[in-house]
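Architecture and fold: a report
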2 protein chains.
Amino acid sequence: MSFMAAALAVAEDAGAAGEVPVGAVVVQAGQIIATGANRMLRDHDPTAHAEIVALRTAARALGTMRLSGCDLYVTLEPCAMCAGAIAHARIARLYFAAFDPKGGAVEHGPCLFQQPTIHHTPEVYGGISETAAAELLRNFFRQKRSPAVKNPDALPRTA
Amino acid sequence: MSFMAAALAVAEDAGAAGEVPVGAVVVQAGQIIATGANRMLRDHDPTAHAEIVALRTAARALGTMRLSGCDLYVTLEPCAMCAGAIAHARIARLYFAAFDPKGGAVEHGPCLFQQPTIHHTPEVYGGISETAAAELLRNFFRQKRSPAVKNPDALPRTA
């Protein structure tokens, strides 16, 4: 399974739990050392995007706040919060799947890694498995809007 | 004690523990419901800025990922990660002390709350108790650079 396929599997689990389906994995020396699913609703945590969860888990596992040499795979273009965290963690390479013109902060909006004040910039590869990730999100929001949803309380109030 | 004085006290505690001295408090209806100190080194957590710690603690206490109607007081201008988290948490008013031309993302760099794609913008009041907060940071970094530091292992490897 490719690293992005692993991130997509994590995203599917998040969606099954009623969270916006985004998943991330941290890779060091060819091995997945941490995974992260979007957990904002489950954890009552406005910071619990998939990337933040994965970065925190990886850093705790390695016993350092720096993930130099590690790569992050995530199924959606990171927002400003997550792009900032990626810079703080010193991630070497960022691979993301779907582009996010509304909330993304890597190729859209503030384009954070192109800002002169950014203190670390990873290599960035966007659009890996883009179709699969976008389809997962599209299906989730289609189901969310559907009146036939069985348990609306399990779904997020906002994206 | 004013809310910013409370945030400064938290920042002093962080500095005493060898962390860059930044502190934050979340206020709801005139009461402090959460505090957060910078804990990046202690927790091996690249996301553990004072603001993130305070927001997570407040959200967990209230049992919701949205802190609508809550205010955040922090001793340093938030970075992009923290400004993004403040938007996700729907903080009503942001009060910060020292300005941060190098790492700040509110009045400097990407000026995140002025970006057209930002989905929530708090009221922003910068420069509250600016002198005290800046002095705390200056003293910390002066001591860090000093060869007379008694316990260099307790100090952060990087800012």
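Refer to the structure printed above.
Remember, it's a predicted structure, so these values are computed and weren't measured experimentally. (Residues numbered from 1 in each chain as written. Chains lettered and ligands numbered in written order. Predicted model: local features only at pLDDT ≥ 70, side-chain atom pairs only at ≥ 80, totals over all residues. Heavy atoms only, no water.)

1. Some details on the overall build of chain A
Helix and strand counts for chain A stand at 4 helices and 5 strands. The C-alpha radius of gyration computed for chain A amounts to 15 Å, which stays within 12% of the reference 15 Å derived for 159 residues, consistent with globular compactness. Summarising its shape, the C-alpha atoms of chain A cover approximately 45 × 30 × 30 Å along the three principal directions. Buried positions account for 54% of the 159 residues belonging to chain A. Across chain A, the fraction of contacts at a sequence separation of at least 24, relative to all contacts at a separation of at least 6, is 54%. Charged side chains in chain A number 14 positive and 14 negative. The centres of these two groups are separated by 4 Å. (Helix = DSSP H or I, 4+ residues; strand = E, 2+ residues; numbered from the N terminus. Rg over C-alpha atoms; globule rule 2.2 N^0.38 Å. Buried < 20%, exposed > 50% of the residue type's maximum accessible area, 1.4 Å probe, protein only. Contact = heavy atoms within 4.5 Å. Lys, Arg positive; Asp, Glu negative; His and termini not counted. Charge placed at Lys NZ, Arg CZ, Asp CG, Glu CD.)

2. Section: the interface of chain B and chain A
Facing the 32 residues of chain B at the interface are 32 residues of chain A. Summed over both partners, the interface of chain B with chain A comes to about 2,800 Å²; 63% of that surface belongs to carbon and sulfur atoms. The three residues of chain B that bury the most area against chain A are B:Pro46, B:Arg56 and B:Met65, which together make up 23% of that side's buried surface. Our count for the chain B to chain A interface comes out at 2 salt bridges. (Buried area = accessible area lost by both parts, 1.4 Å probe. Salt bridge = Lys/Arg side-chain N within 4 Å of Asp/Glu carboxyl O.)

3. Examining the pairing of strand 1 (residues 23-28) of chain A
All names here are of chain A. Counting buried positions along strand 1 gives 5 out of 6 residues, so the element sits mostly inside the fold. Looking at chain direction, strand 1 and strand 2 (residues 31-37) are connected through 6 bridges and run antiparallel. Across the sheet, residue Val25 finds its bridge partner in strand 2, namely Thr35. If you look at the hairpin formed by strand 1 and strand 2, you'll find 2 residues sitting between the two strands, and Ala29 has a positive phi there, around 50°. Pairing between strand 1 and strand 3 (residues 71-76): 4 bridges, direction antiparallel. Along strand 3, the bridge assignment pairs Val25 with Tyr73. (Pairing = 2+ DSSP bridges.)

4. Here we look at the packing of helix 1 (residues 3-16) of chain A against helix 4 (residues 130-145) of chain A
All names here are of chain A. At a closest axis distance of 11 Å, the pairing of helix 1 and helix 4 adopts a crossing angle of 5°. When the axis of helix 1 is compared with that of helix 4, the two are roughly parallel. Facing Leu8, Ala11, Glu12 and Gly15 of helix 1, the residues of helix 4 in contact are Ala132, Ala133, Leu136 and Phe140. Along the lines of polarity and charge, the residues of the contact of helix 1 with helix 4 split into 6 nonpolar, 1 polar and 1 charged. (Axes fitted to C-alpha atoms, helices over the stretch in contact; angles between N-to-C directions. Parallel < 35°, antiparallel > 145°, perpendicular 65-115°, else oblique. Nonpolar A, V, L, I, M, F, W, Y, C, P; charged D, E, K, R; others polar.)

5. Brief notes about the pattern of salt bridges
On inspection of all chains with the given rule, the structure shows 12 salt bridges over all chains. A salt bridge links B:Glu135 to B:Arg138, with the shortest nitrogen-to-oxygen separation between them at 2.9 Å. In this pair, B:Glu135 and B:Arg138 are both assigned in helix 4 (residues 130-145), 3 residues apart and thus about one turn of the helix distant. Classification of B:Arg138 by relative accessible area gives partly exposed; the value is 43%. The structure contains a network of salt bridges with shared partners spanning A:Asp71, A:Arg93 and A:Glu123.

6. Details of the relation of the copies chain B and chain A
With an axial shift of 0.0 Å and an RMSD of 0.0 Å, the rotation relating chain B to chain A amounts to 180°. Both copies are brought into coincidence by an operation consistent with a two-fold rotation axis. When C-alpha positions in chain B are compared against the rotation axis, the closest is assigned to B:Met81, at 1.8 Å. (Least-squares fit on C-alpha atoms with pLDDT ≥ 70 in both.)

7. Brief notes about helix 3 (residues 80-88) of chain B
Summarising burial for helix 3 of chain B: 9 of the 9 residues are buried, a large majority. Among the residues of helix 3 of chain B, B:Ala80, B:Met81, B:Cys82, B:Ala83, B:Gly84, B:Ala85, B:Ile86, B:Ala87 and B:His88 are the ones counted as buried. Residues of helix 3 of chain B that are buried sit in contact with helix 3 (80-88) of chain A together with helix 2 (50-62), strand 3 (71-76) and strand 4 (93-98) of chain B. Of the residues trailing helix 3 of chain B, B:Arg90 is marked for its positive phi of about 65°.

8. A look at the environment of A:Ala54
All names here are of chain A. Relative to the elements of secondary structure, Ala54 occurs in helix 2 (residues 50-62). Classification of Ala54 by relative accessible area gives buried; the value is 0%. When the C-alpha atoms of Ala54 and Thr35 are compared, they prove to be 4.9 Å apart, with 19 residues separating the residues in sequence. What Ala54 contacts, discounting residues up to four positions off in sequence, is Ala24, Val26, Ala34, Thr35, Gly36 and Leu72.

9. As for the sheet that holds strand 4 of chain B
All names here are of chain B. On the basis of which strands lie adjacent, the open sheet formed by 5 strands has the order 2-1-3-4-5 and mixed pairing. Two strands close off the open sheet at either side, each with one partner strand: strand 2 (31-37) and strand 5 (123-126). Adjacent strand axes in the sheet meet at a mean angle of 15° when their direction is disregarded. Across the face of the sheet, helix 1 (residues 3-16) comes into contact with strand 1 (23-28), strand 2, strand 3 and strand 4 while running at roughly 145° to strand 1. Most of the contacts of helix 2 go to strand 2, to which it runs at about 140°, and overall it touches strand 1, strand 2 and strand 3.

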